[in-house]
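Breakdown of the fold
Residue strings, one per chain:
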Amino acid sequence: MPGSSRRLSGAAVEARTTINRTVEDTFRFYRDFTNMPRFLGDVMTVEETGPGTSRWTIQGPMGIHVTWTIRVVEERANELIRYETVALTGLSTCWEVSFRPGPEAGQTEVREVMKTPFGRLGRAGLALIGKPPSGEVRSNLQRLKELLEEGRVTHSEHSVAGKFRPTA
């Protein structure tokens with residue numbers, strides 16, 4: 001079910017997609033966080049800073065750039081990656097991305113759960129500034145699918161204007 005999403009608890013949204021690539025290929029590509037700017041709509045750069053940590057530069061509303069440190073909190077090869085922003089307790093945004101074999105050989109089902117601080121209030125605040133988490137998670141997985149299957153991204157919803165503009 002490409003690009004499907006749903007809300008979980010007040011603080012979490014979930015999306016999933018099936019990608020026509022093996023679990024190993026999909027996990028390896030996703031786990032190399034320097035690939036993130038290639039499909040995440042607002043991530044402009046990622047720099048590895050140490051084992052399990054990286055610095056991400058995000059372009060927010062009105063072109064404002066914000067840098068955050070991301071920490072991997074759990075990883076199981078070819079199965080799961082949990083990571084979060086380094087922030088005060090209770091203020092972190094957390095992601096859980098799971099990988100499992102799809103319904104057909106050579107396919108991978110990718111499921112992403114994103115948890116935002118402040119539950120429904122936090123999600124509503126993000127939506128007010130044009131960054132609804134459910135739309136972003138779904139669109140990011142759609143772009144991951146396009147990139148891994150077709151080698152390029154055309155889906156531009158919930159992304160920085162012009163970031164995924166087709167090249168001639």
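The coordinates are above.
All of the points below concern the structure found in this document. (Residues numbered from 1 in each chain as written. Predicted model: local features only at pLDDT ≥ 70, side-chain atom pairs only at ≥ 80, totals over all residues. Heavy atoms only, no water.)

On the surface, M62, I64 and V66 cluster together into a nonpolar patch covering about 340 Å² of accessible area. Within the secondary structure, I64 sits in the loop between β4 (53–59) and β5 (65–76). The class of I64 is partly exposed, set by a relative accessible area of 45%. (Patch = residues over 30% accessible without salt bridge, like charges linked within 9 Å, V, L, I, M, F, W, Y side chains within 5 Å. Areas by Shrake-Rupley, 256 points an atom, 1.4 Å probe, with all protein chains shown as cover. Salt bridge = Lys/Arg side-chain N within 4 Å of Asp/Glu carboxyl O. Helix = DSSP H or I, 4+ residues; strand = E, 2+ residues; numbered from the N terminus. Buried < 20%, exposed > 50% of the residue type's maximum accessible area, 1.4 Å probe, protein only.)

Bringing the nonpolar core into the picture now. Membership of the largest hydrophobic core comes to 31 residues, with the highest contact counts inside it found for Y30, F33, M36, W56 and Y83. The biggest single contributor to this core is helix α3 (residues 133–150), with 5 residues. Discounting residues that sit within four places of it in the chain, M36 has contacts with Y30, V43, V46, W56 and Y83. (Core = buried A, V, L, I, M, F, W, Y, C linked by side-chain atoms within 4.5 Å. Contact = heavy atoms within 4.5 Å.)

Quick look at the packing of aromatic side chains now. Applying the stated criterion across every chain yields a total of 10 aromatic pairs. Look at Y30 and F99: their rings are 5.8 Å apart centre to centre, the planes differ by 70°, and that puts the pair in the edge-to-face class. Highlighted residues: Y30 in helix α1 (residues 23–31) and F99 in strand β7 (residues 94–101), separated in sequence by 69 residues. Relative accessible area serves as the criterion here: at 0%, Y30 is assigned to the buried category. For R31, the ring lying beneath its charged end belongs to F33, and the centroid distance is 4.9 Å. (Phe/Tyr/Trp six-rings, centres within 6.5 Å; stacked < 30°, edge-to-face > 60°. Lys NZ or Arg CZ within 6 Å of the ring centre and 35° of its normal.)

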